[in-house]
Amino acid sequence: MGNKSSKITTSHWGAFNVFVENGRIINTEPFHADPAPPNISQLVPSAVHHSKRIDQPYVRKGWLEKTTSTKRGNDEYVPLAWEDAIDLAAKELIRVKSNFGNEAIFGGSYGWASAGRFHHSQSQLHRFLNSMGGYISSYASYSTGAAQAIIPHVLGLNFHKVTWGEINSWSLIEKHTDNLIIFGGINPKNSQVSMGGSTEHDVSSQFKKFGYAGKKMVSISPQKDDSPNETRWLPINPGTDVALMLAIAHVLETEELADQLFLSKYCSGYELFKKYFLGRDGHFAKTPEWASEETGIDASEIIKLARNMASGRTLISVSWSLQRARYGEHPFWMACVLAAMLGQIGLPGGGIGFGYGAIGNIGKTAKRMQGPLFEQGTNPISDFIPVSRIADMLLNPGRPYNFNGEKRIYPDIKLVYWCGGNPFHHHQDLNRLAKAWQYPETVIVHEPWWTATAKRADIVLPATTQFERSDIGWAKGDPYIFYMPQMIPPVGLAKDDYDIFAELSKKLNCEENFTENQSSEEWIQSIYDKFYMQSKSQGINVADLETLKEKNFERMTIDLDGENYVPFKAFRDDPLKSPLATPTGKIEIYSEKIAKFNYPEIPGHPIFNKPLLDQKFPLRLLSPQPHDKLHSQLQAAAEDITKHAVLVMNPHDAGKRGISKGDLIKIWNSRGSCLATLEIKETIIPGVISLATGAWFSPTKEGLDISGNPNVLTADTGTSDLGQGAAAHNIEVEVEKYQEN
Ligand SMILES: Nc1nc2c(c(=O)[nH]1)N[C@H]1C(S)=C(S)[C@@H](COP(=O)(O)OP(=O)(O)OC[C@H]3O[C@@H](n4cnc5c(=O)[nH]c(N)nc54)[C@H](O)[C@@H]3O)O[C@H]1N2
Ligand SMILES: Nc1nc2c(c(=O)[nH]1)N[C@H]1C(S)=C(S)[C@@H](COP(=O)(O)OP(=O)(O)OC[C@H]3O[C@@H](n4cnc5c(=O)[nH]c(N)nc54)[C@H](O)[C@@H]3O)O[C@H]1N2
Ligand SMILES: [Mo]
């Protein structure tokens, strides 16, 4: 680390150049090979050296003094020396373990943390907790909770296998697809991000090619800018996609456009399901006229769309956002049914695809190799919660709940350990979480910054950022491998998560298990060596670590054998020889298994459940991902630029309320309220507003969140008893101009 230097690193939003002078990051510049470099990196210099970095370990005063007069979120912090902090945390872990057992420790610790294969916060924490006897874990993700539950029932495959494996590549789409029907958008804004990084951001350029090729592309979404301009926008009311899909099914069936041969050979339960949408089960028919009322789309448009979909090769793309809402299982199930009715599953460029654009590397064709991995060990405790049931769990120890056909019991948690996530940013109904958060006896958090979560911990341990340590960068589907060199010394007294856990493990007598007597450098060498050998055995030539360190990064020469891979082809070619792993071996349009769960909101086939919203609040709130950030990361710097989040609203709704661009707006409902700055756009439909995630929850004494975090408004309901996923989108709210007193 000389006086002045520049090196390349990678991140969840891709690679960039980092310029350092006298031990400080002074600037960042785009990576030369990235055609659309995200602006997110611009926040790095200010955020890394920000006064909101946690400068040393702290303990919450009320916790130390064992009083209940102060609460988490409303207390002072006492600075500690590292030695004392480690001692305190270790003693507390030992106390909880011996009094209540490891099943009283919650280590789910959801969150994206930073890129880097060794200093991966989740793996670090999980390995540490495993080495001390285990923990209650969390299952699935906030991203795709409902999808991960429903898709295996319908397609017999793990959802990640569908997303990363059984999916048409961009180049297959370019070659074969005539109609790209997009539900919820394919947004280059979201494709900036990928777990571990997407290095060449090229979703926009794919759409340019599709546009030149004259593909018919329809983007069905409440917001026009959810898809590139080459698409035709078909505005829809949020939460009503299933109504549209059912009406399309109605047209396909009644106009004899459905592929009956495919439906009988490859699917089970179509005849039963048909009765539902044709209205032969005692209910009404799901006609285009009916769907028009729900969706806001003209019946004639729906008929035209259905006919289009039945002509030529059609790919249905569904964004993850559709299932991040109440009853989110249904649009994913119903989209599979529609694709089955078109009969093109298993043909190149046809069928169904989930999550294009949501994550930059989806649809890319780099060989699916195993990346460098820091092993987490095994957890002797099998109990878990669906990830977004955290507040439910804390509020209801011992209470039964349903999940995907199981009757489960919430564990009784005494200690919560979080490392690499920000639940007071990401969880729905933050005021409810704030109540639930008072229940455990102890909360330990590792964080670089004073986030809303760090401010609600009992023991706060300052963690380094990725710039303060070395690592290996690699991401699924990406052809690059990076050596991420340490750029600057740790800021303040921050330590690497690994070093914190190594110290704790000494006190807990599990040091050997956790560290295997290796330093960080030795771990990086050994996990890289394993990756190197594995890649070699697959015929992929990668540099050895010494060479990679010198080169900083390498674009691996990996064959693009994913490019022409046709999803579900083996099943289509011979459904008896290659059946799906569903009970019938076929695509389950009707699932007897799900029917037997007896969940009213999700019977044996997809249905339209009208969103149950409090009509007192006339606007519908969407809370998508921010275009200029990764979740709540680097928010210390973002807050300095814009104190409040930005609320997007149609001119019609703004006019009705007499509010204008730039006004400070209060958004509220029965669960909470927050502030945001108004932006007015024609690209969002009337009646719907959009407030991106990412703000650091900062409630006033009266409970008004001044940061503009949409999760003070969202509902903590779970998608359904099947998936129990996060249900963030489509929430009832009202707004008004904020009058400061
Ligand atoms: N309303 C609404 N809410 C949502 C969503 C939505 O669509 N709408 N989306 C949901 C989804 S899909 C997601 S994925 C979540 C995202 O939610 P999170 O993953 O919790 O969000 P991040 O801001 O990425 O949190 C990561 C935290 O790790 C910290 N960190 C970074 N590097 C390190 C490190 O090396 N060590 C440690 N100890 N900490 C580190 C960062 O400072 C940050 O505070 O939000 C969910 N919440
Ligand atoms: N820049 C940036 N990119 C990111 C992230 C980030 O923080 N920043 N986070 C990443 C993560 S963790 C994830 S999980 C993905 C999420 O990827 P997605 O789940 O696809 O993204 P969202 O941003 O939640 O929503 C996309 C759009 O869906 C539309 N939508 C909402 N509800 C409905 C509906 O009922 N029907 C229809 N048709 N459309 C609807 C909204 O207009 C919204 O803008 O994004 C990833 N990409
Ligand atoms: Mo996510």
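Residues numbered from 1 in each chain as written. Chains lettered and ligands numbered in written order. Predicted model: local features only at pLDDT ≥ 70, side-chain atom pairs only at ≥ 80, totals over all residues. Heavy atoms only, no water.

S.K.: Help me understand the environment of Ser109, please; the structure alone is not making it clear to me.
M.R.: Relative to the helices and strands, Ser109 is located in the loop between β6 (105–106) and α4 (121–131). Spatially, the C-alpha atoms of Ser109 and Phe467 are 22 Å apart, while their sequence positions differ by 358 residues. With residues up to four places along the chain from it excluded, the contact list for Ser109 reads Gln122, Leu125, Tyr417, Trp418 and Cys419. Separated by 2.8 Å, the side chain of Ser109 and the backbone nitrogen of Cys419 make a polar contact. (Helix = DSSP H or I, 4+ residues; strand = E, 2+ residues; numbered from the N terminus. Contact = heavy atoms within 4.5 Å. Polar contact = N/O pair within 3.5 Å; in protein donor to acceptor, adjacent residues only side chain to side chain.)

S.K.: Would you mind going over the site of ligand 1 with me for this structure?
M.R.: By nearness alone, 34 residues border ligand 1, and Ser114, His426, Glu447, Ser632 and Asn711 come closest of all. In the model, a nitrogen atom of ligand 1 is placed 3.1 Å from a nitrogen or oxygen of the Gln428 side chain. Taking Asn711, its side chain carries an N or O atom lying 2.7 Å from a nitrogen atom of ligand 1. Across the complex, the protein chains shield 99% of the 920 Å² of accessible surface that ligand 1 would expose by itself. (Near = heavy atom within 4 Å. Areas by Shrake-Rupley, 256 points an atom, 1.4 Å probe, with all protein chains shown as cover.)

S.K.: For this particular structure, what's the right way to read the sheet that holds strand β19 (residues 459–462)?
M.R.: Pairing within the open sheet is mixed, and its 6 strands lie in the order β5-β4-β19-β18-β17-β6. With one partner strand each, in any of the chains shown, β5 (77–79) and β6 form the two edges of the open sheet. Pairing geometry for β6 and strand β17 (residues 415–419), over 2 bridges, is parallel. Looking at the pairing, Phe106 lines up with Val416 of β17. Contacts between helix α18 (residues 497–507) and the sheet are confined to β17, β18 (442–447) and β19, with β17 contributing the most and set at about 145° to the helix. (Pairing = 2+ DSSP bridges. Axes fitted to C-alpha atoms, helices over the stretch in contact; angles between N-to-C directions.)

S.K.: How should I be thinking about the site of ligand 2 in this particular structure?
M.R.: Inspection of the region around ligand 2 gives 30 residues, with Asp226, Gly239, Asp241, Arg324 and Lys629 positioned closest. At 2.7 Å, a side-chain N or O of Asp241 approaches a nitrogen atom of ligand 2. Out of a free accessible area of 920 Å², ligand 2 has 97% covered by protein chains. Classifying every residue of the shell around ligand 2 by side-chain character gives 13 nonpolar, 12 polar and 5 charged. (Nonpolar A, V, L, I, M, F, W, Y, C, P; charged D, E, K, R; others polar.)

S.K.: Just to check I follow, could you spell out the nonpolar core for this structure?
M.R.: A general tendency of soluble globular proteins is for nonpolar side chains to be buried together. With 165 residues, the main nonpolar core has Ile316, Phe332, Leu338, Met341, Phe354 and Ile667 as its most contacted residues. For this core, the element with the highest residue contribution is helix α14 (residues 329–342), accounting for 11 residues. Beyond its immediate sequence surroundings of up to four residues, Phe332 is in contact with Ala147, Ile150, Ile151, Phe159, Val318, Ser319, Trp320, Leu322, Gln323 and Phe354. In terms of nonpolar packing, the next biggest core, distinct from the first, is built from 51 residues, Val96, Ala104, Phe128 and Tyr483 among them. (Core = buried A, V, L, I, M, F, W, Y, C linked by side-chain atoms within 4.5 Å. Buried < 20%, exposed > 50% of the residue type's maximum accessible area, 1.4 Å probe, protein only.)

S.K.: How should I be thinking about the sheet that holds strand β13 (residues 351–354) in this particular structure?
M.R.: Two modes of strand pairing occur in sheets, parallel and antiparallel, and in both the strands are linked by backbone hydrogen bonds. Ordered in space as β10-β9-β8-β12-β13, the 5 strands form an open sheet in which the pairing is parallel. Pairing within the sheet leaves two strands with one partner each, and these edge strands are β10 (232–235) and β13. For this sheet, the mean inter-axis angle between neighbouring strands, taken without regard to orientation, is 20°. The pairing of strand β8 (residues 179–183) with strand β9 (residues 216–221) spans 5 bridges and is parallel. Looking at β9, one finds that Ile182 is bridged to Ser219. The strands that α14 touches are β12 (314–318) and β13; relative to β12, the one it contacts most, it runs at about 180°.

S.K.: Help me out: how do you make sense of the packing of aromatic side chains in this one?
M.R.: Ring pairs (aromatic) are described by centroid distance and by the angle formed between their planes. Inspection of the entire model under this criterion finds 46 aromatic pairs. Each ring, one from Tyr77 and one from Trp450, has its centre 5.3 Å from the other, and the planes form 55°; the classification is tilted. Residue Tyr77 is located in strand β5, and its partner Trp450 is located in the loop between β18 and β19; the two are separated by 373 residues in the primary sequence. A relative accessible area of 17% places Trp450 in the buried class. With a centroid separation of 5.0 Å and an interplanar angle of 85°, the aromatic rings of Phe374 and Trp523 are classed as edge-to-face. On the criterion of sequence distance, the pair formed by Phe374 in the loop between β13 and β14 (384–386) and Trp523 in helix α20 (residues 520–537) is long-range, its members being 149 residues apart. The class of Trp523 is buried, set by a relative accessible area of 6%. (Phe/Tyr/Trp six-rings, centres within 6.5 Å; stacked < 30°, edge-to-face > 60°.)

S.K.: How should I be thinking about the environment of Ile220 in this particular structure?
M.R.: Here Ile220 lies in strand β9. Classification of Ile220 as buried rests on a relative accessible area of 1%. Setting aside anything within four residues of it in sequence, one finds Ile220 in contact with Ile181, Ile182, Phe183, Gly184, Gly185, Leu234, Ile236, Asp241, Leu244 and Leu305.

S.K.: What's the story with the pairing of strand β2 (residues 16–21) in this structure? I'm lost.
M.R.: Taken residue by residue, a regular strand's side chains alternate between the two faces of the sheet. With 6 bridges joining them, strand β1 (residues 4–9) and β2 adopt antiparallel strand pairing. Directly across from Ser5, in β2, lies its bridge partner Val20. Hairpin connection of β1 to β2: 6 residues between the antiparallel strands, including Gly14 at a positive phi of 105°. As judged from the 6 bridges shared by β2 and strand β3 (residues 24–30), these two strands associate in the antiparallel manner.

S.K.: Would you mind showing me how to read helix α5 (residues 145–155) here?
M.R.: Every α-helix carries 3.6 residues per turn, so stepping three or four residues along brings you back to the same face. Of all the 11 residues making up α5, 10 are buried; the element is thus mostly covered by neighbouring parts of the structure. For α5, the set of buried residues is Gly145, Ala146, Ala147, Gln148, Ala149, Ile150, Ile151, His153, Val154 and Leu155. Among the residues trailing α5, Gly156 stands out with phi positive, at a value near 70°.

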